[in-house]
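Spelled out, the chains give:
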Number of protein chains: 2
Amino acid sequence: MHTYTEENYLKSIYHLLEQNEQASTNDIAASLKTRAASVTDMLKKLAEKKLINYARYQGVSLTPAGQKVALGIIRKHRLWEHFLVDKLKFKWDEVHDMAEELEHISSVELINRLEQFMDYPQFDPHGDPIPNSNGEIKAQLLQPALALTQHQTGVIAAVSDHSASFLQYLEKIQLTIGKEIKVTEITDYDLCLEVTTDNKVLNISREVAKNLLIAL
Amino acid sequence: MHTYTEENYLKSIYHLLEQNEQASTNDIAASLKTRAASVTDMLKKLAEKKLINYARYQGVSLTPAGQKVALGIIRKHRLWEHFLVDKLKFKWDEVHDMAEELEHISSVELINRLEQFMDYPQFDPHGDPIPNSNGEIKAQLLQPALALTQHQTGVIAAVSDHSASFLQYLEKIQLTIGKEIKVTEITDYDLCLEVTTDNKVLNISREVAKNLLIAL
DNA sequence: TAAAATTTTTAGACTAATCTAAAATTTACA
DNA sequence: TGTAAATTTTAGATTAGTCTAAAAATTTTA
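Residues numbered from 1 in each chain as written. Chains lettered and ligands numbered in written order. Predicted model: local features only at pLDDT ≥ 70, side-chain atom pairs only at ≥ 80, totals over all residues. Heavy atoms only, no water.

J.: Talk me through the protein's contact with DNA strand C; I want residue IDs and the actual numbers.
T.: If you check the shell around DNA strand C, you find 22 residues, and the closest are Tyr54 of chain A together with Thr3, Thr34, Ser38 and Lys45 of chain B. Across the atoms of DNA strand C situated within 4 Å of the protein, the share located in sugar and phosphate is 76%. Measuring from a phosphate oxygen of DNA strand C, one finds a side-chain N or O atom of threonine 40 of chain A at 2.9 Å. Taken together, the elements giving at least two residues each to the surface near DNA strand C come down to helix 2 (25-32) and helix 3 (36-48) of chain A together with helix 1 (4-20) and helix 3 (36-48) of chain B. The leading source of residues in the surface near DNA strand C is helix 3 of chain B, at five residues. Split into classes, the residues belonging to the surface near DNA strand C amount to eight nonpolar, nine polar and five charged. (Near = heavy atom within 4 Å. Polar contact = N/O pair within 3.5 Å; in protein donor to acceptor, adjacent residues only side chain to side chain. Helix = DSSP H or I, 4+ residues; strand = E, 2+ residues; numbered from the N terminus. Nonpolar A, V, L, I, M, F, W, Y, C, P; charged D, E, K, R; others polar.)

J.: Outline the side chain of aspartate 93 of chain A, listing residues and values.
T.: All names here are of chain A. Looking at where aspartate 93 falls in the secondary structure, it is placed in the loop between helix 4 (64-86) and helix 5 (96-102). Here aspartate 93 sits buried without a salt bridge, and the closest side chain of opposite charge, lysine 91, lies 5.8 Å off (N-O distance). Separated by 2.9 Å, the side chains of aspartate 93 and glutamine 168 make a polar contact. Ignoring anything within four residues of it in the chain, the contact list for aspartate 93 reads Ala164, Leu167 and Gln168. (Buried < 20%, exposed > 50% of the residue type's maximum accessible area, 1.4 Å probe, protein only. Lys, Arg positive; Asp, Glu negative; His and termini not counted. Salt bridge = Lys/Arg side-chain N within 4 Å of Asp/Glu carboxyl O. Contact = heavy atoms within 4.5 Å.)

J.: Break down the protein's contact with DNA strand D for me, with residues and values.
T.: Taken together, the neighbourhood of DNA strand D is formed by 22 residues, with Thr3, Thr34 and Lys45 of chain A together with Lys44 and Tyr54 of chain B sitting nearest. The share of sugar and phosphate among atoms of DNA strand D within 4 Å of the protein is 75%. Within the contact set of DNA strand D, a sugar or linking oxygen lies 3.3 Å away from a side-chain nitrogen or oxygen of tyrosine 57 of chain A. Asparagine 26 of chain B is positioned with one of its backbone polar atoms (N or O) 2.9 Å from a phosphate oxygen of DNA strand D.

J.: How would you explain the packing of aromatic side chains if you had to name every residue and give the values?
T.: Inspection of the entire model under this criterion finds seven aromatic pairs over all chains. A centroid spacing of 6.2 Å and a plane angle of 90° characterise the contact between phenylalanine 117 of chain A and phenylalanine 83 of chain B, whose relative ring orientation is edge-to-face. With phenylalanine 117 of chain A in helix 6 (residues 108-117) and phenylalanine 83 of chain B in helix 4 (residues 64-86), this residue pair bridges two chains. On the basis of relative accessible area, phenylalanine 83 of chain B is assigned to the buried category, the value being 0%. On the numbers, 6.3 Å between centres and 80° between planes, the contact of phenylalanine 117 of chain A with phenylalanine 117 of chain B is edge-to-face. One end of the pair, phenylalanine 117 of chain A, is in helix 6; the other, phenylalanine 117 of chain B, is in helix 6 (residues 108-117), on a second chain. (Phe/Tyr/Trp six-rings, centres within 6.5 Å; stacked < 30°, edge-to-face > 60°.)

J.: So what's going on with the pattern of salt bridges? Which residues, and what values?
T.: Close approach of charged atoms lets side chains of opposite charge pair. Residues and elements named next belong to chain A. Enumeration according to the criterion identifies 18 salt bridges over all chains in this entry. Measuring nitrogen to oxygen at the nearest pair gives 3.0 Å for the salt bridge that ties glutamate 109 to arginine 113. With a gap of four residues between them, glutamate 109 and arginine 113 both fall in helix 6, about one helical turn apart. Its relative accessible area of 19% is what places arginine 113 among the buried residues. A salt bridge links lysine 210 to glutamate 207; the nearest nitrogen and oxygen atoms lie 3.7 Å apart. You can see lysine 210 and its partner glutamate 207 sitting in helix 8 (residues 206-211), three residues apart, about one turn around the helix. Since its relative accessible area comes to 47%, glutamate 207 is described here as partly exposed. A single salt-bridge network, built from bridges that share partners, covers Glu6, Lys45 and Lys49.

J.: Provide a residue-level description of the interface of chain B and chain A, including the pertinent values.
T.: Counting residues at the interface gives 20 residues for chain B, matched by 20 residues for chain A. Around 1600 Å² of area is buried between chain B and chain A when both sides are counted, 73% of it from carbon and sulfur atoms. Taken as a group, Leu88, Glu101 and Arg113 of chain B account for 31% of the area that chain B buries against chain A, more than any other trio of residues on that side. In this assembly, chain B and chain A are joined by six residue pairs in polar contact (both at pLDDT 80 or more). Looking at the side of chain B that touches chain A element by element, the count peaks at five residues for helix 6 of chain B. (Buried area = accessible area lost by both parts, 1.4 Å probe.)

J.: So, the sheet that holds strand 3 (residues 142-144) of chain A: which residues are in play, and what are the values?
T.: All names here are of chain A. The six strands are arranged 3-8-4-5-6-7 in an open sheet whose pairing can be described as antiparallel. The open sheet has two edge strands, strand 3 and strand 7 (200-204), and neither has a second partner. Sheet twist, expressed as the average angle between the axes of neighbouring strands with direction ignored, equals 45°. Relative to strand 8 (residues 212-215), strand 3 runs antiparallel, the two sharing three bridges. Each residue of the ladder has a partner; that of proline 144, found in strand 8, is leucine 213. Where helix 7 (residues 164-172) meets the sheet, it contacts strand 4 (153-159), strand 7 and strand 8, and its direction lies at approximately 145° from that of strand 4. (Pairing = 2+ DSSP bridges. Axes fitted to C-alpha atoms, helices over the stretch in contact; angles between N-to-C directions.)

Set out below in structure tokens:
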């Protein structure tokens, strides 16, 4: 169908467009740990295949076909992550690299059976929504914990940094998906947040609060 | 670690040596659906990496390192096949191509967890033994059903043809792993076997009997 | 708005795996 | 045992994806 590399480019472009409203050659290169020249070559190839819209120097967007491929990969990635955590008992900070490989297993029937085996989960272990087999994905209404005002309460729904170190830190202080937190104070001096959860008081930095996403 | 292609060559060489006591360039090419010239190139590369013993025109054997890689791939292939059949409810004729992809997922921890999740199965859906995490594999004592004499009884333990058409045929006539069969007659004319199982009488060709393996 | 800085693309080369065609070697057998 | 057949290897190309270095285009800024 499409090569491993093409799939990674499409996924990367999808994620960049999700956040930035545009995906530059340099951004794509950075996210794939490759060089801008390599990206340009691949953009030409993907445009040739009608998976992206591309004009020299003008940036890229995904065509409906490209979007479909990207969402298929993201679906597989998130279902495999769910499997690894829910069935094989891996921790949420351990599964990313394995899912990066598993997402390229081609069989659609396999992923549909896996989804059924797990009873149609709606979210992956990091709180990201899982596209259905038609490539439809539920938009999430989320805000960073940083946006909460004093005395406001919210439920942790996802994280925007998937690095192992961040996830391990959250695990350690028990700020995990589904936990309800209340912002009990915002420090004047450094604007850190004091949050209360499970009757425990925790102090978290602005950086942490930025990457903790709260359901709206 | 090793490339996808290197892994396939090592696996193929392992399987050929299992059956033939030697793996020729042409045999490897046929089993990998490639050309002899390509095989020669790869043999040089694998010899360079000390995964095979190779001298021009003299055929190949696996080094201990090469054997370990091959058994690692076979272990993954068979555990994934077991997963697909036992957990995802695929039929035994549907899983080969998926397992061909899954066997290259690199994580050893993943495959060990998968093995644990399935309670340490000893055989894959086709009756082939699953190597343990040290790469040790139990030798099976098997003979083709063709070798059974009249009135002899045996239990189907494995199959030596993994093609979908053969497996579907066996499924249809219900000659599956674990079934006990008795050779009730050997036809004089065409040497077909009449076998009885579950109180039903079946007539099978010599070709089928050759590929049905009976536990000794 | 023109020079400077940045970004992107092009040109040309490299690697892994493949191929065809031809040459070298081994095996089979008359 | 020597020639024919079969097998295997070499030589030289090709493709996908990557790279560096240099050129081109865009954006920033003074």
